[in-house]
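Given next are the chains, with one letter for each unit.
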Amino acid sequence: PDLLVFCWHELHRSTDDLFTMVNFTIPQLRAIMDRPKQIRNMSVIAHVDHGKSTLTDSLVAAAGIISMASAGDQRLTDTRADEAERGITIKSTGISLYNEIPEEEIPDELMPKDCDGGREFLINLIDSPGHVDFSAEVTAALRITDGALVVVDCIEGVSVQTETVLRQALGERIKPVVAVNKLDRGFLELQLDWETFYSGFVKHVENINVIISTYRDDAMGDLQVYPDKGTVCFSAGLHGWAFTLPQFAKMYAKKFGVDLTKMSERLWGENYFNPAEKKWTKSGDSQFRAFNMFILDPIGKIVQCCMNDQNDKLVKMLSALNIKMKKEDYELTGKALLKRTMQNWLPAHKALLQMMIIHLPSPHQAQKYRAELLYTGPTDDACCTAIRECDPNGPLMLYVSKMVPGADKGRFIAFGRVFAGTVCAGVKIRIMGPNYVPGAKGDLNIKSIQRVVLFMGKRQDPVESVPVGNTCGMVGIDQFLIKTGTLSTDDTAFPMKDMKFSVSPVVRCAVEPKNPQDLPKLVEGLKRLAKSDPMVVITMEESGEHIVAGAGELHMEICLKDLQDDYMGGAPLKISDPVVSYRETVTEETEVECMAKSPNKHNRLYFKAGPLGDELTEKIAEGEITPRDDVKTRGRIMADEHGWDVDIARKIWAFGPDIVGPNLIVDATKAVQYLSEIKDSCVAGFNWVTKEGVICEENMRGIVFSILDVTMHADAIHRGGGQIIPTARRVMYAAEMISSPRLMEPMFLVEIQCPETAMGGIYSCLNRRRGHVFEENQRPGTPLYNVKAYLPVSESFGFDSDLRAQTAGQAFPQCVFDHWQQVQGDPLVEGKLRDDVIFAIRKRKGLTPELPPLDRYKDKL
């Protein structure tokens, strides 16, 4: 019978551990939502595989949603099946956690100034992906949060993607705090000595501060992170433990009889303690460095005891630290014992919560300085004031940053954040899409929300209303929004600013169903795919092909898999090889002017084309010079910085394609009457031309068309759009063809991490694919090299697998779209470029393979 009792207890103990009590209820959560000063909205951002989801688990476990024992292995925020299988996060997932902080963890004097006196906090956490192909998900997560936890691997340090996501965060005015993760690797795998550990930490913190000070916004003040101030925490996500310096300082402050802040400062930097003389010095032997002696040493000893089964020693140390563990905990061995011990002594959630609550801003604070960046309208109207004041009774302003697939197939839940007012179900609201212009009717729907829900990882819980400063999901408005949008109750509200992505969709595939009767399914499926991913672009070519464009190979693979399995019910698809979009440009300005006559031979247009110059093209592409700028100031900038003639710079008619593209049409005529009457027709022709160039109907980039002279028929009826638009198109084509046109191809910036032995494989692999290395440097303290290279996107398909085969899996590449580069060779002269690349593109688009002759466009007098 004793055995039976024992078995029964064992069985129940393990199940008790698994089903820990969730220590908050939805009504409790709803009550704290009304106190914006007690809310923290934060996203977890980092390089791929630095341990974001694993670290998030400790916070989730602290709120009692999963058990402490499984924290670190469960990765609750990876909700999709393919995420768990590949071991990477693909979609960002939101989860709301309720925490009560006891007095002994954060004493009253350390509590943030704007707290309302309570000790309950609501943390809206978004776990975002690290892979560069999904960086659009990160942008969407950052828009609706105020703070970011930047995770850095203590072995690999600050990587390319860490820098990208941190730059995005600072651009959105988001305050960063840092977690240096994976300390367990340093203790167990690499068994580093303490000084190496310390110098590694110093280096990572410095690197992060360099990035922060490079991209910082002056309105934000000093955003750099300092371990002694508690804005850096050191953690091991897999084993669920973490610490900040103030935590350790608290343990030692009593013993040394100094106050907390002073002790924290001593634990970092050049401070040494000589135990023989019991004195603090500014220099000394590295083993007496305070950080090594008071922090790494005790942890190192516990790690040693756990791994070498020295239980009696461990019991002594733990009783000295005043930590009580259950008897059965001591029966664990090795890593399991280490995890249990460290979780009891330095639980990760305490350090992370302390850091977030003290150092990250509440919506109440953050919206004061973020309002002007988020709102497109005037900064003093009712909506902007409500955002700045964080007013729950003001007009509703809610930004939807992404659409999340709901439980029913094909329906979506709009996920966003309330920036002002309160969102309730059943109230009519204005839904403004990204193309909405205030005052116009386009892209505007007035509908009511069916249900408002809270996101809790995999499941959603309905609530009646959600006040300002919180994130929530809305059901029943998915058919009115494509990807993002603004919801408001105020008729005069302007929409919120649209998000700017750091990558652009340059990889394209054509999809068609295998059985023609599945075509309606495909059209429906593509609509849903466009909703589900913030980055993907769906277009339909004139030849009737459906084109899906994504940021990279992995992104395309995931999108097409979603399309086939989820949005089309498994109907088989035919997917073409990936296609790359090119750009057309010109390289020199011609002396000859081109002339074209209208079909009725009564009007003549004289044009010429020239290159814009790389700098100016970049500025327009990045949105520094836009068609909305003031004409005179823009003219001044272009005259001073780019050597334009002021008169011409003030007479820019249009940017194109799509109103903001990097091509210009300018009026360089002298004294032409009635010119303004044909302006619209010329601009229409210009937009048509810049969308489809003459060489292979790709977009143009970096071309400026100047109108030199126009002769028109006196009678208005003979110079209508039907006469002018085709003429303008022909004359611009002719001008492009005689200004030595070239093609531009997109280039990836590839960052590769590898050991020295794999360098040869990398070089041979890149040389075969027209890539070139422009920088390689060794990571201090590691045998790894960082190689940066440029690689044409057209050559990048299968690059990952090829590189791994070449280097026996030691090299790890990451590709980000970087810039457009001219392709070698003249498209008008026979050669590889014309006969292979251009013929293939023209054939795919259903054009004649040969380029049209010049006299088709250029007329003679």
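Here is a short report on the structure shown in this document. If you're wondering where the values come from, they're calculated on a predicted model, not measured in any experiment.

On to the environment of L374. With respect to the element layout, L374 can be found in helix α15 (residues 363-374). Linking L374 and G721, residues 347 residues apart in sequence, is a C-alpha distance of 40 Å. What L374 contacts, discounting residues up to four positions off in sequence, is R143, E172, F419, M496 and K497.

Spatially, the five strands line up as an open sheet ordered β26-β27-β30-β29-β28, and their pairing is mixed. Since the sheet does not close on itself, it has two edges, and those belong to β26 (594-597) and β28 (652-656), each with one partner. Averaged over all neighbouring strand pairs, the angle between strand axes comes to 25°, with direction disregarded. Inspection of the sheet shows β26 paired to strand β27 (residues 604-611) by four bridges, in the antiparallel sense.

This brings us to helix α9 (residues 245-256). The first and last C-alpha atoms of α9 sit 15 Å apart over twelve residues, in line with the 16 Å expected at 1.5 Å per residue. Within α9, the full set of buried residues consists of L245, Q247, F248, A249, Y252 and A253. Close packing links the buried residues of α9 with β6 (232-236), β7 (241-244), α10 (260-266), α11 (290-307), α13 (334-345) and α14 (348-359). G257 sits one or two positions beyond α9 and adopts a positive phi of about 65°.

Ranked by size, the top nonpolar core spans 98 residues in total, and within it L149, L398, V423, V466, M474, I477 and L487 carry the most contacts. In this structure M474 touches L398, V400, F412, I413, A414, G416, V423, I449, R451 and L487, once residues within four positions along its chain are discounted. Membership of the second largest hydrophobic core comes to 63 residues, among which are V138, I211, L223 and L314.

This brings us to the pattern of salt bridges. Enumeration over the complete set of coordinates arrives at 30 salt bridges. For R289, the salt bridge goes to E270, with nearest N and O atoms at 3.4 Å. Residue R289 is located in the loop between β9 (279-281) and α11, and its partner E270 is located in the loop between α10 and β8 (272-274); the two are separated by 19 residues in the primary sequence. Judged by its relative accessible area of 5%, R289 falls in the buried class. Here R770 and E795 are joined by a salt bridge, their closest N and O atoms 3.1 Å apart. Within this pair, whereas R770 is found in the loop between α24 (759-768) and β32 (772-778), its partner E795 is found in the loop between β33 (784-792) and α25 (799-806), the two being separated by 25 residues in sequence. Taken together, the shared-partner salt bridges connect R143, D146, E172, R370 and R417 into one network.

Here we take up helix α20 (residues 631-642). What sets the pattern is the α-helix's 3.6 residues per turn: residues three or four places apart point alike. For α20, which comprises twelve residues, the first-to-last C-alpha distance of 16 Å matches the rise-based estimate of 16 Å (1.5 Å per residue) to within 8%. Those residues of α20 that sit buried are R634, G635, M638, A639 and H642. All buried residues of α20 fall inside an arc of 130° around its axis, so they share one side. Counted as exposed and oriented over 90 degrees from the buried face of α20: K632 and D640. Looking at the packing, one finds that the buried side of α20 touches α19 (614-621), α21 (646-649), β28 and β29 (663-667).

Rules and cut-offs
Residues numbered from 1 in each chain as written. Predicted model: local features only at pLDDT ≥ 70, side-chain atom pairs only at ≥ 80, totals over all residues. Heavy atoms only, no water. Helix = DSSP H or I, 4+ residues; strand = E, 2+ residues; numbered from the N terminus. Contact = heavy atoms within 4.5 Å. Pairing = 2+ DSSP bridges. Axes fitted to C-alpha atoms, helices over the stretch in contact; angles between N-to-C directions. Expected span 1.5 Å × (residues − 1). Buried < 20%, exposed > 50% of the residue type's maximum accessible area, 1.4 Å probe, protein only. Core = buried A, V, L, I, M, F, W, Y, C linked by side-chain atoms within 4.5 Å. Salt bridge = Lys/Arg side-chain N within 4 Å of Asp/Glu carboxyl O. Arc of directions from axis to C-beta.

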